[in-house]
Structures are given as C-alpha cells and as structure tokens.
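These are the residues of each chain, in order.
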Amino acid sequence: MAVPKRRVSHARQGKRRSHQHIHPRQLCYCNKCGNPIAGNHLLCSNCGWSNIQKREVVSMEKKKEE
Ligand SMILES: [Zn+2]
C-alpha cells in the first residue's frame, strides 16, 4: 500500500484546498419579461418563453385553465 513519505503541513493542505469552494449559480434572464431563470436552456416559469427558440413554448393561458 502506498504511504505518504512526509506529512502535509496545515498551511500546504490549506493552500491546496483554497480552490475547493462552491461557485454561485449563474442566472439568466427571460428576454420577454426579465424573470430570472436558472439556465438559458430552460423555459421561463413566468411566461413560458424559451430564450433559445425565441418563442413562447408553453402557453400560460392554458395553464391557468388547468
Ligand atoms: Zn418570461
């Protein structure tokens, strides 16, 4: 079994782990109503708009009836 030759100091361990952090979620905004979306490939939850297809994919009038 491989065994480390020298123990890693706290400073060196901290320097290595300084890159391990969570980045904030990148937000996009709907081109139609400006509502924040988690990703550009997703539909707007407010108006059903798709930024990629540049059209309203889900009709919100139908959704209200359901
Ligand atoms: Zn929208």
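Residues numbered from 1 in each chain as written. Predicted model: local features only at pLDDT ≥ 70, side-chain atom pairs only at ≥ 80, totals over all residues. Heavy atoms only, no water.

Scanning the protein chain from N- to C-terminus turns up 2 helices and 4 strands. Starting at the N terminus and walking to the C terminus, you meet the elements of the protein chain as α-β-β-β-β-α. Relative to a compact globule of 66 residues, whose C-alpha radius of gyration would be 11 Å, the protein chain shows 23 Å and is clearly more extended. Overall, the C-alpha framework of the protein chain stretches about 70 × 25 × 20 Å when taken along its three principal axes. Relative to its full complement of 66 residues, the protein chain shows a buried share of 15%. Partitioning the intrachain contacts of the protein chain with sequence separation of at least 6 by distance along the chain shows that 2% fall at a separation of at least 24. Of the roughly 6,300 Å² that the protein chain leaves accessible, carbon and sulfur atoms contribute 52%. Of the charged side chains in the protein chain, 14 are positive and 4 negative; the average position of the first set lies 36 Å away from that of the second. (Helix = DSSP H or I, 4+ residues; strand = E, 2+ residues; numbered from the N terminus. Rg over C-alpha atoms; globule rule 2.2 N^0.38 Å. Buried < 20%, exposed > 50% of the residue type's maximum accessible area, 1.4 Å probe, protein only. Contact = heavy atoms within 4.5 Å. Areas by Shrake-Rupley, 256 points an atom, 1.4 Å probe, with all protein chains shown as cover. Lys, Arg positive; Asp, Glu negative; His and termini not counted. Charge placed at Lys NZ, Arg CZ, Asp CG, Glu CD.)

It is worth spelling out the pattern of salt bridges at this point. Going through the model one piece at a time under the given rule, you end up with 1 salt bridge. Here Glu-56 and Lys-32 are joined by a salt bridge, their closest N and O atoms 2.9 Å apart. Of the two residues, Glu-56 is situated in strand β4 (residues 55–56) and Lys-32 in the loop between β1 (28–29) and β2 (36–37); the sequence distance between them amounts to 24 residues. (Salt bridge = Lys/Arg side-chain N within 4 Å of Asp/Glu carboxyl O.)

Before going further, it helps to spend a moment on the coordination of the zinc ion. Taken together, Cys-30 (SG), Cys-33 (SG), Cys-44 (SG) and Cys-47 (SG) make up the protein donors of the zinc ion, found 2.2 to 2.4 Å from the metal. Donor residues for the zinc ion, ordered by position in the chain, follow C-x2-C-x10-C-x2-C. Of this pair, Cys-33 sits in the loop between β1 and β2 while Cys-44 sits in the loop between β2 and β3 (49–50); the two residues are 11 residues apart in sequence, bridging distant segments of the chain. When its relative accessible area of 37% is taken as the criterion, Cys-33 is described as partly exposed. Given the relative accessible area of 2%, Cys-44 is considered buried. (Donors = N, O, S within 2.8 Å, 3.2 Å for Na, K, Ca; no water.)

Attention shifts here to a positive patch on the surface. Together, Arg-12, Lys-15, Arg-16 and Arg-17 give the surface a local cluster of positive charge. Tracing the backbone through its elements, the reader meets Lys-15 in helix α1 (residues 10–17). Taking relative accessible area as the criterion, Lys-15 reaches 63% and is therefore assigned exposed. (Patch = residues over 30% accessible without salt bridge, like charges linked within 9 Å, V, L, I, M, F, W, Y side chains within 5 Å.)

Scope: geometric values only; no functional claims are made or implied.
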